[in-house]
Amino acid sequence: MNIKKWSTNWAGKELTIEMGRLALLSTVSCTVQYGETVVMVNVTKSKEEKVGLDYFPLSVEFEEKMYAAGRIKGSRFIKREGRPSDDAILSGRLIDRAIRPLFDDRMRHEVQVVVTTLAFDGINDPAIVGLIGASCALSVSPIPWAGPIGAARVSLDENNNFILNLSNSEIANNKLDLVVAGTPEKLVMTEAGIKEVSEDQVLSAMKWGCEQIAPVIKFIEKIQKEVGQEKISLLKTENDFLTDTQDKEKTVEQAKQIAYDFIASLADRMIFNSVKISRTERVEMIDEIKNQLIDHLTEQGFDEELQKPVLDRVKEYVCDQISKRILDKDQRLDGRKLNEIRNLEIQVDLLPRVHGSGMFMRGDTQVLSVVTLGAPGDVQTLDSMEEEGTKRYMHHYNDAPYTYGETGFMRGPGRRAIGHGALAERALEPVLPAEEDFPYAIRVVSEVLGSNGSSSMASTCGSSLSLMAAGIPIKKPVAGIAMGLASESDEKGNIIRYKVLTDLQDVEDGVGGMDFKITGTTEGITAIQMDTKTHGLTWEIVEETIKRSKEARLEILKKMSSVISEPRKELSPYAPRIEIIRINPEKIGDLIGPGGKTIKKIIDDTGVSIDIEQDGRVMITSNDAEAMAKAIKIVDDITHEVEVDEIYEGEVVRLEDFGAFVNILPGKDGLVHVSEIAWTRTNKPGDVLNLGDKVKVIVKEIDNMGRINLSMKALLPKPEGYQEMSQKPKFVHSNRGGNDRRGGGKKSFFKKDF
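Reading the values: the criteria
- Residues numbered from 1 in each chain as written.
- Predicted model: local features only at pLDDT ≥ 70, side-chain atom pairs only at ≥ 80, totals over all residues.
- Heavy atoms only, no water.
- Helix = DSSP H or I, 4+ residues; strand = E, 2+ residues; numbered from the N terminus.
- Rg over C-alpha atoms; globule rule 2.2 N^0.38 Å.
- Buried < 20%, exposed > 50% of the residue type's maximum accessible area, 1.4 Å probe, protein only.
- Contact = heavy atoms within 4.5 Å.
- Areas by Shrake-Rupley, 256 points an atom, 1.4 Å probe, with all protein chains shown as cover.
- Lys, Arg positive; Asp, Glu negative; His and termini not counted.
- Charge placed at Lys NZ, Arg CZ, Asp CG, Glu CD.
- Pairing = 2+ DSSP bridges.
- Axes fitted to C-alpha atoms, helices over the stretch in contact; angles between N-to-C directions.
- Salt bridge = Lys/Arg side-chain N within 4 Å of Asp/Glu carboxyl O.
- Polar contact = N/O pair within 3.5 Å; in protein donor to acceptor, adjacent residues only side chain to side chain.
- Patch = residues over 30% accessible without salt bridge, like charges linked within 9 Å, V, L, I, M, F, W, Y side chains within 5 Å.
- Disulfide = S-S within 2.5 Å.
- pLDDT = per-residue confidence, 0-100.
- Left-handed = near helix turned anticlockwise from the far one by under 90°.
- Phe/Tyr/Trp six-rings, centres within 6.5 Å; stacked < 30°, edge-to-face > 60°.

Chemist: In this structure, what is going on with the overall build of the protein chain? I would like to understand it.
Modeler: Of regular secondary structure, the protein chain possesses 16 helices and 31 strands. Against the compact-globule benchmark of 27 Å for 754 residues, the protein chain has a radius of gyration of 37 Å, which places it well outside the compact range. When its C-alpha atoms are laid out on the principal axes, the protein chain stretches across 130 × 65 × 55 Å. Relative to its 754 residues, the protein chain shows a buried fraction of 51%. Once local pairs closer than 6 in sequence are excluded, the contacts in the protein chain between residues at least 24 apart make up 68%. Counting every atom, the protein chain has about 37,100 Å² of accessible surface; 48% of that belongs to carbon and sulfur. When the 99 basic and 118 acidic side-chain charges of the protein chain are each reduced to a single mean position, those positions are 5 Å apart.

Chemist: For this particular structure, what's the right way to read the sheet that holds strand 28 (residues 694-702)?
Modeler: The pairing of strands in a sheet happens through backbone hydrogen bonds and is either parallel or antiparallel. Pairing in this closed barrel of five strands is mixed, and the strands run 25-26-27-29-28 around the ring. Shown here is a sheet whose adjacent strand axes are inclined to one another by a mean of 55 degrees, direction ignored. Here strand 27 (residues 668-673) pairs with strand 29 (residues 708-711) via two bridges, running parallel. Within strand 29, the position partnered with L671 by the bridge is N709.

Chemist: Explain the pairing of strand 4 (residues 37-49) here, please?
Modeler: Remark: a regular strand shows side chains that alternate across the two faces of the sheet. Of all the 13 residues making up strand 4, 10 are buried; the element is thus mostly covered by neighbouring parts of the structure. In terms of strand pairing, strand 3 (residues 28-34) meets strand 4 through seven bridges, oriented antiparallel. Directly across from T31, in strand 4, lies its bridge partner M40. If you look at the hairpin formed by strand 3 and strand 4, you'll find two residues sitting between the two strands, and G35 has a positive phi there, around 65 degrees.

Chemist: Teacher, can you tell me more about the pattern of salt bridges here?
Modeler: Where charged atoms from two side chains of opposite charge come close, those side chains can pair. Summed over the entire model, instances satisfying the criterion amount to 48 salt bridges. Note that E566 and K569 form a salt bridge whose closest N and O atoms lie 3.7 Å from each other. Under the relative-accessibility criterion, K569 is labelled exposed at 70%. The shortest N-O distance in the salt bridge between R617 and D615 comes to 3.0 Å. On the accessibility criterion, R617 (8% relative accessible area) is buried. Taking the relative accessible area as the measure of exposure, D615 reaches 44% and is therefore partly exposed. Counted as one network, the salt bridges with shared partners bring together R97, D125, R153, D177, E191, R426 and D531.

Chemist: Honestly, helix 9 (residues 304-311) in this entry has me stumped. Any pointers?
Modeler: By the burial criterion, the buried members of helix 9 are L306, Q307, P309, V310 and L311. Residues of helix 9 that are buried sit in contact with helix 6 (252-265), helix 8 (279-299) and helix 10 (314-329). One side-chain oxygen at the N-terminal end of helix 9 lies 3.2 Å from the backbone nitrogen of E305; it belongs to D303.

Chemist: Any chance you could explain the side chain of S26 here in plain terms?
Modeler: Topologically, S26 is positioned in the loop between strand 2 (13-19) and strand 3. Discounting residues that sit within four places of it in the chain, S26 has contacts with N42, V43 and T44.

Chemist: Sorry, what's going on with a negative patch on the surface here?
Modeler: A grouping of E281, E284, D287 and E288 is seen on the molecular surface, where their side chains present a negatively charged patch. Overall, the relative accessible area of 34% leaves E281 in the partly exposed class.

Chemist: So what exactly am I meant to see when it comes to the state of the cysteines here?
Modeler: The term disulfide refers to a covalent linkage connecting the sulfur atoms of a pair of cysteines. A complete count under the given rule lists zero disulfides for this structure. Between C210, a free cysteine, and C136, which holds the nearest cysteine sulfur, the sulfur-to-sulfur gap is 19 Å.

Chemist: I would appreciate a short explanation of the confidence of the model for the protein chain in the present structure.
Modeler: Caution applies to low-pLDDT parts of the model: their predicted coordinates are not meant to be read in detail. Looking at the protein chain as a whole, the pLDDT averages 90, with 94% of positions reaching at least 70. When the criterion is pLDDT under 50, residues 241-246 qualifies, and its contacts beyond four places in sequence or with other chains add up to eight contacts. Confidence drops under a pLDDT of 50 for residues 726-754, and excluding neighbours within four residues, the segment shows 28 contacts in the predicted structure.

Chemist: So what exactly am I meant to see when it comes to the sheet that holds strand 9 (residues 176-182) here?
Modeler: Read across the sheet, eight strands follow the order 8-7-9-10-21-20-18-19 without closing on themselves; strand pairing throughout is antiparallel. Unpaired on one side and paired on the other, strand 8 (162-164) and strand 19 (495-502) mark the two borders of the sheet. Each adjacent strand pair in this sheet contributes to an overall mean axis angle of 20 degrees, direction not counted. As paired elements, strand 20 (residues 514-520) and strand 21 (residues 525-532) share seven bridges and run antiparallel to each other. Bridge assignment links I518 to a residue of strand 21, and that residue is I528.

Chemist: Can you help me understand the packing of helix 8 against helix 9 in this one?
Modeler: To describe two helices that pack against each other, one gives the angle between their axes and the distance between the axes. Running from N to C, helix 8 and helix 9 cross one another at 145 degrees; their axes reach a closest spacing of 11 Å. Between helix 8 and helix 9 the crossing geometry is right-handed. Contacts between helix 8 and helix 9 pair K290, L293, I294, L297 and T298 from the former with Q307, V310 and L311 from the latter.

Chemist: Help me understand the packing of aromatic side chains, please; the structure alone is not making it clear to me.
Modeler: Between two aromatic rings, the relevant description is the distance of the centres plus the angle of the planes. In total, this model carries seven aromatic pairs according to the counting rule given. Look at Y260 and Y317: their rings are 5.5 Å apart centre to centre, the planes differ by 85 degrees, and that puts the pair in the edge-to-face class. Of the two residues, Y260 sits in helix 6 while Y317 sits in helix 10, which places them 57 residues apart along the sequence. Judged by relative accessible area, Y317 falls into the buried class, the value being 8%.

Chemist: Got a minute to help me understand the environment of P719 in this structure?
Modeler: Residue placement: P719 occurs in the loop between strand 29 and strand 30 (729-737). When its relative accessible area of 37% is taken as the criterion, P719 is described as partly exposed. Measuring from C-alpha to C-alpha, the distance between P719 and N398 comes to 78 Å, with 321 residues separating the pair along the chain.

Here it is, written out as structure tokens:
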């Protein structure tokens, strides 16, 4: 083994990268350790190029290993890792969005980046460590890649100063959880969960974070100089893959240039000849251009095989013309100004019976969000490498082939859908009511019924509408907007001119673009996610984007408030109700019962759902008011603290010579001494009482051992002329031995007869 190891200090911790020890058959493999988190990154390039592809075949995988956190999967039946968790998918997407724009899009070798967490200390984020590892591995690999870049996680301390790379537990209650990737000069990727922080402070956090990764970039550049491989050449053209029998005088490269020039000549006649607002109009336009291009290439002598790779690029060439027109004339295909939002349609209460619904439509993008409220026990259990516990607010994003006007297989949510759902979920979390005030489990499902630009932001708006319609007391409504970019770059990837676009749509998201999503309230930002098709955004672009996004967000919030401005005062009549009872925590065991027997019986008898917290909160959930009242009474009875002078109607459950035991509450019996049954003399309780009799009793005394003494006669009128009988002292012998002759050698004392 030729093992090489490098270390540097970053933000007060040692960052170590090692190569040559593990996974030696990969194109490049390295392990990265930060603190006690260790991540292995494997970059593998296929030996041969994929012929006929019109895109770069890159895949990025993030592998969680439960052993990394010293845990075994919680399922009783499946103990090995299976499909990736949502956390793993989101971490993989984060790394993908950071490294993808820096590849040469002419690359047709398959490239796979696999990030595997080998050890996790619960403090240092493996996604950040993995992204640094991916940057290092790609930099030293033979794969053309315009890195290195660094990554960091930025938060705020109690004095609102920026701090670097907090642990997950520390960030949970922090106002800012911001991830940045890039260089000090350029932002390549960012995402954040934020608790209404101002635009200026978020921008400053981004800049500060990118400044802090400068040592990481220098560290990787040092490694690259020592062990970096020569980058492969991409001069080979698609024409080189033609068979020997084909006429190479007519090449694919020639066909591409002819096609590009032809589409450029159609810009005024077919692209910008009319305003095209709907997705259908744009699809028809591209299809018509493609048909005319086929005729043109055929006339130029290009056969079907030569035409195929060119026709796959028609939309790309059309998008390029659209970007040029924006840069040259500020003209958008649908006729909007650069800072103009598409037409908005907003409704609530579209569906009966559901707990809350809202529809948000912006242009062709249409989302129907539906809320369901559940008992506290309906929360989601988390069981991933990084997270244990529960989640009470869940947002799920669904799309289908018809969403895009197409046909196809109906499958479960893909990685894109999981990512979009997580972004909208994160956007609403800062405004949700505290669990103590609103203990419901909350699920929002966003059905994307039409998509033409930023359905995740429409899902955010739809979620906000549906939550308010459901009567969930969110602190403020939240809206989101996607900002786009038209730009041109020089040969080194530096942007030389640009225009920022408000409310991005499909044909505006081409080469040189960005998708910068920002959500928030009137007071500040709640979530961010950005990826770009450039080599990085300048801070001038980022600043203008954030400023313009606020203007658009406030406009959307104003339109939303005209439909519903605040949460309804009452929940839907079909939503379950939760009653909270507070009991002495020491009584929790009584309520649960041995092996859960007591609480299971209550649930079976009433049909309610019961959840108990360690602080003594008992939450009873039901749609049935009668069942709720019955369950509340049972819980009250079981957990009630019996006090002197309280009156109960109980059942005789045991008879002894000295008295009768009466059950006054579930699990609580008291003794009615024979002398407390009636004002007249009772020889034996059995003379006047039978098992199962219902009797009225008052609590006379609770002794220091918690035993309850009851009285029946105290609730009966005293007979006229009644005189208290004098009680004679009873001579009682102790069990201890002695030499007293009177007591058989036993010590004696007097005790009153009960």
